[in-house]
Amino acid sequence: MMIVMQPGADAAEVEAVRARLAQTGVHVVVMPGELTTAIGAIGDPEGVAELGLEGMAGVDRVVPISRPYKLASSELSHHEPSRFEIAGRTIGGGETFCLIAGPCTVESREQTMAVASAVVAGGASMLRGGAFKPRTSPFAFKGMGQPALEILAEAREQTGLPIVTELLDAEHAAAVASVADVVQIGARNMQNYALLEVAGRLGKPVLLKRGLSSSLDELLMAADYVLKEGTEEVILCERGIRTFETATRFTLDLGAVPWLKMHTHLPVVVDPSHAAGDRRLVQPMSRAAAAIGADGIIVEVHQDPEHARCDGPQSLHAADFADFASDVTAHARLGGKSLA
Ligand code: PEP
Ligand code: MN
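Here the structure is a predicted model, which means the values were calculated and not measured.

*Asks:* Even after reading the chapter, I still don't get the overall build of the chain, so can you show me in this structure?
*Replies:* Along the backbone of the chain there are eleven helices and 16 strands. Dimensions along the principal axes, computed over C-alpha positions, put the chain at roughly 75 × 40 × 40 Å. For the chain, buried positions account for 51% of its 340 residues. For the chain, restricting intrachain contacts to residue pairs at least 6 apart in sequence, the fraction spanning at least 24 positions comes to 69%. Here the chain carries 29 positive and 42 negative side-chain charges, and the mean point of each set is 4 Å from the other.

So this is what it looks like as structure tokens:
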């Protein structure tokens, strides 16, 4: 932590800050400059943050030096990218590309089996599908709930694909964990800290979606909430953020991918479907994500998107999935990754 004094701060004010810091046991270095004095506090940034130094006479600002996220950071311990095995599929580690595909929402057994067999035939690494759906309107279809979990379990049995499904509410934790190979936390729940802690205690990998209006620092601090419960397996997901641009459903922040690669050891996947809101954009955005170094994509697919109960306009036609998958995989190879 660095405390920057105001230009007019006098020696007594500098000394008061130094003494307050010294009380906490941190190492204090006073650096007088031509205009202002800076005071470095080395060690225990949390304790220093709680001292309320901003309010002391003569203090201009308090500037953190180390990053606010700890467990997700590649700065402190994990210098190498993390790599997890999920039911035989590798995610992370820099050599594999993970293709997660499936319907937005489980609507029926027939629909889910049709999509699951199309995506496994096309080379998907995992099957996605919502049982409990976060919907902007409380009157929209909220998913089939428990019966959808049973359908997903059956789809796994038939295809061998691990299942990615969302945990919407702590109340469903045991039911979701009994079927999910990866527990998804939706964008709208990225800062539901109590739910993040519940997810971190399930003993399952967690796919954490970036909030609609969350910064990358906030995403990594949300990941810390999950990691601190003991799981080491958190997958980050860029799924588009709110900007002034309304032509696409959200704005895909592709810069997030290389930025996250520099700052965290956790695998990063991209969701082009929710970012685009329009299936015509999904393939070019997926290619870009693969080429820029994402560890995978999570994409919505439906066998009859015109009649989908949720997110049909952004869902790929199941019949197009194999071509889509080979095109995107070719782009992942540009970054040295092959299909998981
Ligand atoms: C989803 O994956 O279907 C979903 C609701 O995503 P998000 O939380 O990113 O909106
Ligand atoms: Mn969806």
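*Asks:* What should I look at first to understand the coordination of the manganese ion (ligand 2) in this one?
*Replies:* Geometry reference: four tetrahedral donors at a metal, ideal angle 109.5 degrees. Six octahedral donors, ideal angles 90 or 180 degrees. Protein coordination at the manganese ion (ligand 2): the donors are Cys104 (SG), His274 (NE2), Glu300 (OE) and Asp311 (OD), at 2.0 to 2.4 Å from the metal. All donors of the manganese ion (ligand 2) belong to a single chain; written as a sequence motif, their spacing is C-x169-H-x25-E-x10-D. You can see Cys104 sitting in the loop between strand S7 (96-102) and helix H3 (109-122) and its partner Glu300 sitting in strand S14 (residues 296-302), a full 196 residues away along the chain. Judged by its relative accessible area of 0%, Glu300 falls in the buried class.

*Asks:* Help me understand H3 in this model?
*Replies:* For an α-helix, 3.6 residues make a turn, and residues three or four places apart therefore share a direction. Over its 14 residues, H3 runs 20 Å from end to end, which matches the ideal 20 Å to within 8%, given 1.5 Å per residue. For H3, the complete set of buried residues consists of Gln111, Thr112, Met113, Val115, Ala116, Val119 and Gly122. The inward-facing, buried residues of H3 abut S7, strand S8 (126-128), helix H4 (146-159), S14 and helix H11 (321-334). Measuring from the backbone nitrogen of Gln111 back to the side-chain oxygen at the start of H3 gives 3.0 Å, which picks out Ser108 as the cap. In the segment just after H3, Gly123 is the residue with positive phi, at about 105 degrees.

*Asks:* In this structure, what is going on with the site of ligand 1? I would like to understand it.
*Replies:* Near ligand 1 you find Cys104, Arg128, Lys133, Gln184, Gly186, Ala187, Arg188, Lys209, Arg239, His274 and Glu300, and these make up its full shell. In this structure, Lys133 approaches ligand 1 through a side-chain N or O atom, which is 2.7 Å from an oxygen atom. Arg239 is positioned such that a nitrogen or oxygen atom in its side chain is 2.6 Å from an oxygen atom of ligand 1. The fraction of the free accessible surface of ligand 1 (290 Å²) that becomes covered by protein chains is 97%. One can see that ligand 1 is located within the largest pocket. In the shell around ligand 1, the residues fall into two nonpolar, three polar and six charged.

*Asks:* Would you mind going over the pattern of salt bridges with me for this structure?
*Replies:* A side chain with one charge can pair with a side chain of the opposite charge if their charged atoms come near. Here the structure, examined in full by the defined rule, presents 17 salt bridges. For the salt bridge of Arg201 with Glu229, the shortest nitrogen-to-oxygen distance reads 3.0 Å. With Arg201 in the loop between helix H6 (193-200) and strand S11 (206-209) and Glu229 in the loop between helix H7 (216-227) and strand S12 (234-238), this residue pair connects regions lying 28 residues apart in the sequence. Relative accessible area serves as the criterion here: at 24%, Glu229 is assigned to the partly exposed category. In this structure, the salt-bridge partner of Lys209 is Asp271, at a minimum N-O distance of 2.7 Å. Here the residue Lys209 occupies a position in strand S11, and Asp271 occupies one in the loop between strand S13 (268-270) and helix H9 (272-276), the gap between them amounting to 62 residues. The burial state of Lys209 is the same as that of Asp271; both residues are buried. Salt bridges sharing common partners tie together Glu197, Arg201, Lys228 and Glu229.

*Asks:* Sorry, what's going on with the packing of H3 against H4 here?
*Replies:* When two helices pack together, their arrangement is given by the angle between the helix axes and the distance between those axes. Two elements in contact, H3 and H4, have axes separated by 10 Å at closest approach and are oriented at 35 degrees. For H3 against H4, the interelement crossing comes out right-handed. In this structure, H3 contributes Arg109, Thr112, Met113, Ala116, Ser117 and Val120 to the contact, and H4 contributes Ile151, Leu152, Glu154, Ala155, Gln158 and Thr159. Along the lines of polarity and charge, the residues of the contact of H3 with H4 split into six nonpolar, four polar and two charged.

*Asks:* Help me understand the packing of H6 against H7, please; the structure alone is not making it clear to me.
*Replies:* It is the contact of H6 with H7, at a shortest axis distance of 7 Å, that shows an interaxial angle of 45 degrees. Of the possible angle classes, the one that applies to H6 and H7 is oblique. Contact residues: Tyr193, Leu196, Glu197 and Gly200 in H6; Ala222, Tyr225 and Val226 in H7. Among the residues forming the contact of H6 with H7, the class breakdown is five nonpolar, one polar and one charged.

Rules used throughout
- Residues numbered from 1 in each chain as written.
- Chains lettered and ligands numbered in written order.
- Predicted model: local features only at pLDDT ≥ 70, side-chain atom pairs only at ≥ 80, totals over all residues.
- Heavy atoms only, no water.
- Helix = DSSP H or I, 4+ residues; strand = E, 2+ residues; numbered from the N terminus.
- Buried < 20%, exposed > 50% of the residue type's maximum accessible area, 1.4 Å probe, protein only.
- Contact = heavy atoms within 4.5 Å.
- Lys, Arg positive; Asp, Glu negative; His and termini not counted.
- Charge placed at Lys NZ, Arg CZ, Asp CG, Glu CD.
- Donors = N, O, S within 2.8 Å, 3.2 Å for Na, K, Ca; no water.
- Expected span 1.5 Å × (residues − 1).
- Polar contact = N/O pair within 3.5 Å; in protein donor to acceptor, adjacent residues only side chain to side chain.
- Near = heavy atom within 4 Å.
- Areas by Shrake-Rupley, 256 points an atom, 1.4 Å probe, with all protein chains shown as cover.
- 1 Å grid on protein atoms, 1.4 Å probe; cavity = no way out; pocket = protein on both sides within 12 Å on 5 of 7 lines; lining within 4 Å.
- Sits in = over half its atoms within 2 Å of the grid points.
- Nonpolar A, V, L, I, M, F, W, Y, C, P; charged D, E, K, R; others polar.
- Salt bridge = Lys/Arg side-chain N within 4 Å of Asp/Glu carboxyl O.
- Axes fitted to C-alpha atoms, helices over the stretch in contact; angles between N-to-C directions.
- Left-handed = near helix turned anticlockwise from the far one by under 90°.
- Parallel < 35°, antiparallel > 145°, perpendicular 65-115°, else oblique.

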